[in-house]
Amino acid sequence: MPRLGGNPWYDALPGLTFVAPSFYQMVFNVEIRSLNGSFWSLYTEAAFYVVFGAAFFLVGWKRATIAIFALGLVGLLGRELLAAAGVTGLGARVIEPFEWTGFKFFLWFVSGILFAKSRTLESDAMFVSACFFGLLAATVVSPNALPLVMDDRYAMIAVVLLFATALKWRALQQLLEWRPLLFLGAISYPLYLIHDTIGLGLIVLTHRYAADIPDFLLPLPTLVLMLIISHQVFRHVEPRLKRSINLLNTKVLMPAR
């Protein structure tokens, strides 16, 4: 069987299709793992785009946002609600697709939608609602598979408050426009995609071939290399892919008459 390093070829499917490994495991009845652990959020992000995009065109953004909130609650509380209703065993497994896709994280998207709308509509009430749902998500939604601890909540609440403050306070906006921060923001997505598996592998190689480097310095060469690669992806790869996708969309959605 063809393999990718130490993984079978089908472990590449989740990352290529933005579909959680659990769905492929259900379909093919074989263990499938994501090649990159950090991709878990991409599966949820892609699911949000599909669900919200369809709902947006069918019922408008307000009802679509309500639907996203409802699905977030199902993903967060569905198993407990089924247990309270006496649904156990095979019947309780109906909730699993919502868990695989990370629907509980849709609560964060509700906050993001309202923040965006508060700016376009210049609505203070919507801004307050966005803050409320952001703080709600920060309080009740765990960022990973582990139970929440107070430190997680404090960190996420701080992120929500920082984001909200930046939307209203010009002095903070000017600080965030500092060129090094803009640079990191620009390359953040490709850096996110490559930092995990590739980054860890490079740290291991650095330790193997430069064993005299103190442990606290081991990540530095990898960090510099990751920043350089991410910048090149941002400058050269992303624009070409964007042009190709836009051209494809133009041909598919607006074919020549």
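Residues numbered from 1 in each chain as written. Predicted model: local features only at pLDDT ≥ 70, side-chain atom pairs only at ≥ 80, totals over all residues. Heavy atoms only, no water.

Student: Could you give an account of the packing of helix α3 (residues 40–84) against helix α5 (residues 106–120), with specific residues and numbers?
Tutor: The description of two packed helices rests on the angle between their axes and on the distance between the axes. Where α3 meets α5, the closest approach of the two axes is 6 Å, and the angle between their N-to-C directions is 140°. Taken together, the axis directions place α3 and α5 in an arrangement best described as oblique. Residues of the contact of α3 with α5, tallied by class, amount to 15 nonpolar, three polar and two charged. (Axes fitted to C-alpha atoms, helices over the stretch in contact; angles between N-to-C directions. Helix = DSSP H or I, 4+ residues; strand = E, 2+ residues; numbered from the N terminus. Parallel < 35°, antiparallel > 145°, perpendicular 65-115°, else oblique. Nonpolar A, V, L, I, M, F, W, Y, C, P; charged D, E, K, R; others polar.)

Student: Describe the nonpolar core, with residues and values.
Tutor: With 20 residues, the main nonpolar core has Phe48, Phe52, Ile68, Phe106, Leu114 and Phe115 as its most contacted residues. For this core, the secondary structure elements donating two or more residues are α3, α5 and α6 (124–140). Considering every element that reaches this core, the biggest residue donor is α3, with eight residues. Once residues within four sequence positions are removed from consideration, Phe52 is found in contact with Trp61, Ala64, Thr65, Ile68 and Ile113. (Core = buried A, V, L, I, M, F, W, Y, C linked by side-chain atoms within 4.5 Å. Buried < 20%, exposed > 50% of the residue type's maximum accessible area, 1.4 Å probe, protein only. Contact = heavy atoms within 4.5 Å.)

Student: How would you sum up the environment of Leu77? Please name residues and give values.
Tutor: Mapped onto the elements of the fold, Leu77 is located in helix α3. Given the relative accessible area of 38%, Leu77 is considered partly exposed.

Student: Tell me about the pattern of salt bridges, and name the residues and values.
Tutor: Any two side chains of opposite charge can pair, given that their charged atoms come close. According to the stated counting rule, one finds two salt bridges in the structure shown. Between Lys168 and Asp124 there is a salt bridge whose closest N-O contact spans 3.4 Å. You can see Lys168 sitting in helix α7 (residues 150–168) and its partner Asp124 sitting in helix α6, a full 44 residues away along the chain. The two residues Lys168 and Asp124 agree in class, both being exposed. A salt bridge links Arg170 to Glu177; the nearest nitrogen and oxygen atoms lie 3.2 Å apart. Overall, Glu177 belongs to the partly exposed group, its relative accessible area being 40%. (Salt bridge = Lys/Arg side-chain N within 4 Å of Asp/Glu carboxyl O.)

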